[in-house]
Structures are given as structure tokens and as C-alpha cells.
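Coordinates in review
The lines below spell out each chain.
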Amino acid sequence: MRLTNLPIDNLRAFVTVTDLGSYTKAGQLLGRTQPAITLQIQRLEELVGRELIQSTGREIALTEAGEALLRYARQILRLNDEAAALLQRRQPSGILRIGLP
């Protein structure tokens, strides 16, 4: 079995497109262009070997594979964000002196 790494940026784009229902709105929120978001979703589809989103005009719908990946993507992003927040927290430094009368 070949292991595949799913890039966090691509998963975040996928979840954002799903939540907002729009590639353009997702791009605006993530600070990317709509074509860049489209490429990220296409790359994710290539990596998993399945179509994830079906577009009909301006409407988007998740495929069965997209629904399954969405649940995992949310968990992966939550854990990623928690780990990043924990490790980026500033550690207290210096000496704290408290004087009480």
C-alpha cells in the first residue's frame, strides 16, 4: 500500500470551499486567487485518486468520497491548529517577584 501525504493547505482549501460553497469566497478568505484554490482542489483529487467536488454552474456538491474526506480533513485541521497554537505560545521568561505587605 502506497502512503500519501495530504497537504494541510490543500485540505484547508477543500474545507473552506465546502463551508463557503464557493471557490471565489474561499480564495478571498484564504488570501489566494480562485484559480489557485481550484488547483489545490485538483491536486488533492489527484492525490486521493477520486473526484471530491462536483460543480454545476455556481453550485458545488460533494461526492461520496468528498463527504468521507471532509470528516477526516476537519479532524486533521483541528489537530494541526491545536499543535501549532500550543507550540507557538510564548514561554514565560525572566523573574517574577511579588511583594506582599
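Along each chain, residue indices are assigned from 1 in the same order as the chain's sequence is written. Whole-chain, interface and lining totals are the exception, using all residues; otherwise, since this is a predicted model, local features are given only for residues with pLDDT of at least 70 and side-chain atom pairs are given and counted only at 80 or more. The side-chain quantities take in all heavy atoms of the structure and omit both hydrogens and water.

Let's shift gears to the pairing of strand 1 (residues 53-56). Look at any regular strand and the pattern is simple: side chains alternate between the two faces of the sheet. In this sheet, strand 2 (residues 59-62) lies alongside strand 1 in antiparallel orientation, the contact comprising four bridges. Directly across from Ile53, in strand 2, lies its bridge partner Leu62. Any two strands with at least two DSSP bridges between them are considered paired. Runs of H or I in DSSP of at least four residues are treated as helices and runs of E of at least two as strands, each being numbered from the N terminus.

Okay, a nonpolar patch on the surface next. Each patch is built from salt-bridge-free residues with over 30% relative accessible area, joining like charges within 9 Å and nonpolar side chains (Val, Leu, Ile, Met, Phe, Trp, Tyr) within 5 Å. Only the protein chains shown count as cover for residues, with accessible areas throughout obtained via the Shrake-Rupley method and a probe of 1.4 Å. Criterion for a salt bridge: a side-chain nitrogen of Lys or Arg within 4 Å of a carboxyl oxygen of Asp or Glu. A cluster of nonpolar side chains, namely Leu96, Ile98 and Leu100, defines an oily patch on the protein surface of about 430 Å² accessible area. Structurally, Leu96 is set in the segment after helix 4 (64-88).

Let's shift gears to helix 1 (residues 8-20). For the α-helix, the turn length of 3.6 residues means that residues three or four positions removed from each other point alike. Given the number of residues in a helix, its expected span is that number minus one, multiplied by 1.5 Å. Taking 1.5 Å of rise per residue, the 13 residues of helix 1 would be expected to cover 18 Å, and the 18 Å separating its terminal C-alpha atoms lies within 8% of that figure. Note on exposure labels: buried denotes an accessible area under 20% of the residue type's maximum, exposed denotes more than 50%, and partly exposed covers the range between, all computed with a 1.4 Å probe on protein chains only. Those residues of helix 1 not exposed but buried are Asn10, Leu11, Ala13, Phe14, Val15, Thr16, Val17 and Thr18. At its buried positions, helix 1 is contacted by helix 2 (23-30), helix 3 (34-48), strand 1, strand 2 and helix 4. Just past helix 1, the residue Gly21 takes up positive phi, approximately 70°. Pairs of residues are marked as contacts when any of their non-hydrogen atoms sit within 4.5 Å.

A few words on the pattern of salt bridges. On inspection of all chains with the given rule, the structure shows four salt bridges. Notably, a salt bridge pairs Asp19 with Arg74, separated by 2.6 Å at the nearest N-O pair. One end of the pair, Asp19, is in helix 1; the other, Arg74, is in helix 4, and 55 residues separate them in sequence. The exposure class assigned to Asp19 is partly exposed, which follows from its relative accessible area of 46%.

What we call a nonpolar core is a set of buried Ala, Val, Leu, Ile, Met, Phe, Trp, Tyr and Cys residues that are connected through their side-chain atoms within 4.5 Å. By size, the foremost hydrophobic cluster in this structure holds 17 residues, and its most contacted members are Phe14, Val17, Ile37, Ile41, Leu52 and Ile53. Only helix 1, helix 2, helix 3 and helix 4 provide two or more residues apiece to this core. Ignoring anything within four residues of it in the chain, the contact list for Leu52 reads Phe14, Leu44, Glu45, Ala61, Leu62, Thr63, Ala65, Gly66 and Leu69.

With that out of the way, let us pick up the packing of helix 2 against helix 3. Axis definition: a line fitted to C-alpha atoms, limited for helices to the stretch in contact. Angles are taken between N-to-C directions and run from 0 to 180 degrees. The N-to-C vectors of helix 2 and helix 3 enclose an angle of 105°; their axes lie 8 Å apart at closest approach. Relative to helix 3, the element helix 2 lies roughly perpendicular. Contacts between helix 2 and helix 3 involve Tyr23, Thr24, Ala26, Gly27 and Leu30 on the former and, on the latter, Gln34, Ile37, Thr38 and Ile41. What sets the label is the angle itself: under 35 degrees gives roughly parallel, over 145 gives roughly antiparallel, 65 to 115 gives roughly perpendicular, and the rest give oblique.

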